[in-house]
Every structure is written in structure tokens, then in C-alpha cells.
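Observations on the model geometry
The lines below spell out each chain.
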Amino acid sequence: MAKKKNKGRDPRHKVASLGVLPAHELLAKGKLFLQQEKYQDAILCFKQLLKQQESPEILQALEQAYLGRIRSLAAKSMTKEAMVLLEIVAARWPNADVLLIRLSLLLQAGRFGEAVKLYGQCGQHMASDQRQRLEALFGALLLAGVGGLRPENFPEDSPVARYYPAALSAMDTFFARDELLGQEALQQIPFRSPYRDLRTMLTGLLHFQSDKDLGCSVLRKIDKDSPYFRVAARCLATADTPEGFLQNLAATPKNEQYQLCAQYGVNPVQFPVIEALSGSDGRPLSLYKIISRHENCFTKGQRITMLRNILPFCKEQAQGFLGRSPDFASIEKYRMLALAAEKDGATLSAVQFWDDYLGNSYWSDTLRYKEIAMVLRHQAKLTKKDEYTYSPVRVLEKLLKSLEYEPGHAETWLEAAEYAQRHYSASRSYAILNDAVAELPENVPILVAAMRACGARKAHKKASSLAKRILEIDPINTSVLDFLVESRLEHGRKLASQKKWLLAEKELQSADTRVKALRYRGRHRICLGMVLLLQGKEEGLPHIVAGKEENGSPLLGHALTSLEARLYKLPKGRQQEFDRQLRQVEDSAKAIDRSEFLRLVNWLLSFDGEQWLMLKEVCQCLTNSFAKAAILPWSRDEGLLVCKALETADLIAALTKTSAALQKKYPEDLEFRVWSLVADTRQGKKRVPLKVYDEIDGLLYTLIQKNRIDFVEYIEDVLGKKSRRSSFSNSLFDDDDDDDDDDDDDIFDFGPFKIPKILGSSEKSPPKPKSKPVGGKQLNLFDDEL
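To start, this report covers the structure provided alongside it. (Residues numbered from 1 in each chain as written. Predicted model: local features only at pLDDT ≥ 70, side-chain atom pairs only at ≥ 80, totals over all residues. Heavy atoms only, no water.)

Helix and strand counts for the chain stand at 43 helices and 0 strands. Counting over 786 residues, the chain shows a buried share of 45%. Sequence-distant contacts, at least 24 apart, represent 57% of the contacts inside the chain between residues at least 6 apart. Here the chain has roughly 43,700 Å² of accessible surface; of this, 51% comes from carbon and sulfur atoms. (Helix = DSSP H or I, 4+ residues; strand = E, 2+ residues; numbered from the N terminus. Buried < 20%, exposed > 50% of the residue type's maximum accessible area, 1.4 Å probe, protein only. Contact = heavy atoms within 4.5 Å. Areas by Shrake-Rupley, 256 points an atom, 1.4 Å probe, with all protein chains shown as cover.)

Pasting the structure below:
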């Protein structure tokens, strides 16, 4: 193969062209080359000028050109060429100060023994910082055993030889992993010795093992010109993040980027892609283009792994990229396309791609059953989000289909039962829970859900059986203990209503006494007394007294007695007697027991059905206590629950007083002002001014801006029920057509308030039962246990 011709001009042509120039032009041209650091051209100019005339100025300029050329060659690691020129300078200019340059070239050439000898000659003439750097380098070379250096090569008074034993001892103890001896050995190295950076490096490495942040802060104290810097930099690189590396690379000059990559252990073959990443915006499409542009920087496995992780984030563009890619099978393409569609918000396409993924799966492969079940559950999750496209039938179908492939997935059984309860019927949910219990007879959450479903269906015997099974597995499950007692109490009431007295007594006597909740403590004794009283047996009264004492709370025990008297439908005289005893307890109390009152509030917000209706009647006997509770020091969350309970129980006077006190205590919380206005709408039968509703409307709008959506929706429900009970709007609007209610709602916009249907004078609005109060997570704020 023929050599390429050098495009540069032959030096002989340069000499020939310089020979025709006059002396002053040659001198000016040489100085210009010298200034431009074109030392080789400067040497030619001054050598040609010496042929015409010789002067100290020309010789000095030529010497500077040679020295500049030597330094330039040394910077390019052309050490041999630089040494040759240095010998020429030493021979022609014997007095030239070239010792430091020679020392640098010897070190660069790896001739450390000669460098040490030369340092002994010229070390005294060097600046202190130069001496310190050289001695640190010689110390590192001596510890590394490079170039055959030994302590004897240095003068006895040299700090390199003097502190060498201490430095060597510190290294030995460090590699022996003896931290205590290592710290002691490091203390023997003076701070101003040539081994100062060694001491810093070993200290940082010792800390690095236990406290990486502290170790890094110590290692960062080592300067870049230190011989220990690269070791420190490699350790710092292991603690850095990929983002930090790319940021450092982007901020590093081009000529130092390879060195930085070496510190981080980056393969030089991958440097182009790393460089591209450092200037990338990090978006998936940009990353995909970088990988495609630099395919040769990766193995096939690396490229596939990266594409597998990037393409799902490329949204709709992923379809085009995957269509051209031969690296993935069809099933994997469908998986990535489904994920990409999800990221793009295209739920319909995502579900279809997952269907295609399942269509390419081997349904008969039992090893993939869990994967198939997982995909089906994921599809159910997606279809739930798009309720306008997918019917509940499709969602429940996916959930139940997944259970065919993974019947042991308890969470899906519970999810399917809960979804069926909300979108189908309690019977469908009950059937699913029955299947779940048959499949997972030892799973406590499933047993608990089935137990509660049985309780809701009044299947108390089966609920008790399930509760016993749970307690065999988890004997200290207090919620199940409470439910078992509640189930027996409910069953006892049912048997008493059927006048099955002996069975009712037996059911109540078998109730567990290990309950902690005050709502159940001693209650079975109270209920047993009620059953005896219904039979005309006065010996039921001692049982009721014993139940109150077992409860431990005088007020709550008497309240539960009045409640059960109503639930068992005792004669009015008996109910009134128990109510009178309740008022006596209320009047005899010197102060309101804060914890008792909070439990009563909790009951008002958690009881449901007939128990809640009867408890509401009982609370009407405690109006004095509820009114006095307004002055208690409630926290903000407690105050909100108290207001909610007071409105639920129709204790409007207490609500007015309590909300006013809380509004004064928490003026920044608009909720208490809202409750105060709601109380105003419930005062008597007088027509409520529209300005009250306008103010409520404005406050609710402000609360919506503060993201108090739950509170606003609850207040809207409260006012909606009130508007249906009242007839305040009848005197404001006349409407002869009952079929135009929807148009009225459009015309008269009262914000959260709906215009009630206006009945004719001869029609009466049928009474509507009080619905179950809205519960929430905040009900957990008050525990019902002592």
C-alpha cells in the first residue's frame, strides 16, 4: 500500500524561501513565530538568520525557540524527541537553566532513579510548592515500588525517606482492615509531610465503608495535581449517580473527558454514546435516537434491554419503531404497545393490545398462569377507569377470569366481591365471597368479608360460624370478637321478636365477654334483662343493673339501656323509666366526661339502620349535655365531627352553640361558619332568608378552591335533604306543571341547593326515613375502646 504524501510543505522549501529574505525580516518573522508558539518555524528562521549574522539577541531567541519546542514535545508525550533537543541545548548553551525541564522529562520517561539524583542537585533552587509536589510524587512512587526506588536513594534528611516507615505502616494496617490500628498509624504521618494526601486518602477510605457521605467529603480535599487524586476520583465515582456523571461530563473540557470516563470505568468504545447522553434532554424519543445512532457501542443484549425499557414511553411513536424492529417477537411487541398506549392515555387501544398479547400467549402453559392472571387483573384496572366505554359486566368478567388462572389471589376475590356489591347486587357479592371461602378457607380477610356479608343478610348463625373459624386462626382479633357479640345481640333481638324466649336467652348468654369496645361491654346482660322484662319477669332488672356496671361508664351504660329498650320495643312506661334514669345520671355529673362524649359522637356517626334511629331518640334526652359540650376545648378535627354528629341527631340548639364557639376559636376555618349557617336554616319553621343560602354558597365555593371537596359534598347532601323536608320555596315560586322540574333546575340555579318538587295543596309529601349518615376515614379519630 503506497504511503500518502504529506500535505505539509517540505522544510527544505521553507529554508530556501527564508534564505532570500533580508535579516530584519527574518528577525521579525522569527519573533512572530515565537509569539505564536510555532517553535519549529521559529528555529528555522533564527538558524537561517545566524548564517547571515550572529548576535546575542539572535542566540537568545533561538534558545527560547528550542526550549519552547521541548516543552511542546513533552506536552505531546514525545519524550525521546524532547530529550534529543535538550541535549542540543545543553551542548550549545552550557549555562542554560534546563535542570527542571530535564527533571520533568526524566519523570515523564519513567527514569525515576535519575530523576531523584537530579532533584538532589536542583531541589534547593525550586519554589516550595514545586518541591512539595515533587516530594509527594516521589513518596507515592516509593510506596508503589516503581522504578526500583528505595529509601536509600534519598538523603537521610529528606522528608520522603524520613516519613516513609510511618506511611508504609499506615498502608499495611489499612489493607489488614484493622480500623483502630489504622487510625493510630495515620496519626504518625505529619500533616506537612509528603504523605499528607496519602493520610487524607486512607482516612476517607476508612470512613467510606461506614459513612459514604463523610468519606466522600474527605476524599474531595485531594487536589487534581496530587498523585493520589485518581484513586480518590475512582472512589468518588462509585458514589456518584449516573445523572451526576453526565452532568460532570457535560461541564468537563473536551480534552479531559476521556480521563473522566476512565475514572468512572466507562469503556472507551462507549464514549461516543456517553457524550451524546450528556447533551441529551432525557426524553424517551431522544434516547431512542441515540441508541439507534450508536448501535455499535452496545451488544445486542444491551440494546434490546434498553429498547424494552424506553419504547413503552414513546407513546404513539412506539408503533412505528416496533414495526421496523426485527429484535422482538410479536407477543413482546404487543406488551410494549399496550404499555405505550397506557402512557398515552389511550385506554381503549391499551386494552385491545393486552387482548392481542393474551391471544399470542400459550394458555395451556401452566407456568404462565400467574402471568395471564396478572394481565387480566391489569385489564380490569384499566376498564374501571373508563366507565363510559366499558360496562361493569366487562370489568367483573376480567376479575373472575383472572381467578380461574390464579384462584389463590385473595385480593382479587375481595375486589370482585366489593365491585359486585357496588355495581350488581348484594346477592352477587355474597356468591363470590362463598366461592372465595371455599377456595381459601384459612384466609382471614376473606373470612371477615364473608362474615360481614352474612351479618348484612341477617344470616347470624352462619356469620357466627365464620367468626368462630376466624378466632381459631387469630384468637386476638378484636374486630371479629366485637362482630360476633353484635351478631349474637342482633340474633337475640330477632328471636325475642318471634317470642322464642328460651332461644333468645341462650343466644345472649353465649355472647363472648372478651370485647373491648364500650358499645358491646355489658350489653348482652342488658339485652338479657330486656328479654326477661318482655316476659313480665322483674328479675330482668338485676341483669340490666349488672350490665350497666360491667360497661363501666355510667352515662354510656344508661344510654345503651334506653337504646335496647326501644330496640326490644318495651312498653312506653319502661322506656320512659330508663330515660328518666339516664337524665338523672346526666344531671348528677359535675362535668362532662370528654372521652364519654366523643364515644357518643362516634356512635351517632357509625351506627346504622334501626339502631341509629333509636340512638337519635335517646340523644334527645341528653340535650343539656350536648349544649354544655360546646365549651369543651375541641381540636379542629374533633370540632368538625361534633358538628356533624349534632346535625345528624337533629340537636340544632347544641349545633348553633358549638359551631359559634368553634368559629370563634378557629376563625380561619370556614367550615365552622358553614355549620353555623346550616344551623340557622334548621331553626324553627320560619322562612330562611335567601342571603343565608347565598353566603353558604359563597363559602362552599371558597372551600372547593381549598380542595375540601368531601366537606362541600356532605353539606350539599345535608341541605338537599333539608330542602326536601321544608317548603320554604313554595311561597317564592309558583309552578303549575309538575313535569318541568328539570327546566326549573336550569332556570333557578341555587348552586348546591336543588328546588324541591312543588306538590299540589291536596297532596302530602310522604315522610322519608333518615338515611344512613355518611361515614369517612375520620371516624377512626376516636377509638371505642378504653
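Still more ground to cover, so stick around.
What follows deals with the packing of helix 18 (residues 284–293) against helix 19 (residues 300–310). Put simply, helix 18 and helix 19 touch, their axes get as near as 10 Å, and they point 165° apart. Put simply, helix 18 runs roughly antiparallel to helix 19. As helix 18 runs across helix 19, the sense of the crossing is left-handed. Contact residues: helix 18 offers Pro 284, Leu 287, Tyr 288 and Ile 291, while helix 19 offers Arg 303, Met 306, Leu 307 and Ile 310. Across the contact of helix 18 with helix 19, the residue classes break down as 7 nonpolar, no polar and 1 charged. (Axes fitted to C-alpha atoms, helices over the stretch in contact; angles between N-to-C directions. Parallel < 35°, antiparallel > 145°, perpendicular 65-115°, else oblique. Left-handed = near helix turned anticlockwise from the far one by under 90°. Nonpolar A, V, L, I, M, F, W, Y, C, P; charged D, E, K, R; others polar.)

As a further point, take the packing of aromatic side chains. Throughout the structure, instances matching the rule amount to 8 aromatic pairs. With 5.8 Å between their ring centres and 10° between their planes, Trp 603 and Phe 607 make a pair best called stacked. Residue Trp 603 is classed as buried on the basis of its relative accessible area, which comes to 1%. Judged by relative accessible area, Phe 607 falls into the buried class, the value being 6%. Ring pairing ties together the aromatic residues Phe 597, Phe 626 and Trp 634, which thus form one cluster. We note Arg 457 situated over the ring of Tyr 430; from NZ or CZ to the ring centre the distance is 4.0 Å. A cation over an aromatic ring shows up here: Lys 644 above the ring of Tyr 714, its NZ or CZ 4.5 Å from the ring centre. (Phe/Tyr/Trp six-rings, centres within 6.5 Å; stacked < 30°, edge-to-face > 60°. Lys NZ or Arg CZ within 6 Å of the ring centre and 35° of its normal.)

Moving on: the nonpolar core. Within the largest apolar cluster, 80 residues are counted, with the highest numbers of intra-cluster contacts made by Phe 626 and Trp 675. What Phe 626 contacts, discounting residues up to four positions off in sequence, is Phe 597, Leu 600, Leu 604, Cys 619, Leu 646, Leu 651, Ala 654 and Thr 658. Residues Ile 70, Leu 149, Leu 186 and Tyr 228 belong to the second largest nonpolar core, which totals 75 residues. (Core = buried A, V, L, I, M, F, W, Y, C linked by side-chain atoms within 4.5 Å.)

Further remarks concern the side chain of Asp 386. Note that Asp 386 resides in the loop between helix 23 (369–385) and helix 24 (392–405). One buried charged side chain, Asp 386, makes no salt bridge at all; its nearest oppositely charged neighbour is Arg 394, positioned 9.9 Å away. (Lys, Arg positive; Asp, Glu negative; His and termini not counted. Salt bridge = Lys/Arg side-chain N within 4 Å of Asp/Glu carboxyl O.)

So, on to the state of the cysteines. Scanning all chains against the criterion turns up 0 disulfides. Between Cys 621, a cysteine without a disulfide, and Cys 619, which holds the nearest cysteine sulfur, the sulfur-to-sulfur distance is 8.7 Å. (Disulfide = S-S within 2.5 Å.)

By the secondary structure assignment, Arg 192 is in the loop between helix 11 (179–187) and helix 12 (196–210). Put simply, Arg 192 and Pro 159 are 33 residues apart on the chain and 9.5 Å apart in space, counted from C-alpha to C-alpha.

Let's shift gears to the packing of helix 26 (residues 426–439) against helix 27 (residues 444–456). Helix 27 packs onto helix 26 with a crossing angle of 140° between their chain directions and a minimal axis gap of 9 Å. By crossing handedness, the relation of helix 26 to helix 27 is classed as left-handed. In contact with Tyr 430, Leu 433, Ala 436 and Val 437 of helix 26, helix 27 contributes Ile 446, Leu 447, Ala 449, Ala 450, Ala 453 and Cys 454. Taken together, the residues of the contact of helix 26 with helix 27 break down into 10 nonpolar, no polar and no charged.

Taken as a whole, this structure holds 28 salt bridges when the rule is applied. The shortest N-O distance in the salt bridge between Asp 355 and Arg 394 comes to 3.5 Å. Of this pair, Asp 355 sits in helix 22 (residues 347–359) while Arg 394 is found in helix 24, placing the two residues 39 residues apart along the sequence. Close ionic contact of Arg 682 with Asp 650 constitutes a salt bridge, the shortest N to O distance being 2.4 Å. Residue Arg 682 is located in the loop between helix 40 (670–681) and helix 41 (690–705), and its partner Asp 650 is located in the loop between helix 38 (636–648) and helix 39 (652–665); the two are separated by 32 residues in the primary sequence. With a relative accessible area of 14%, Arg 682 lands in the buried category.

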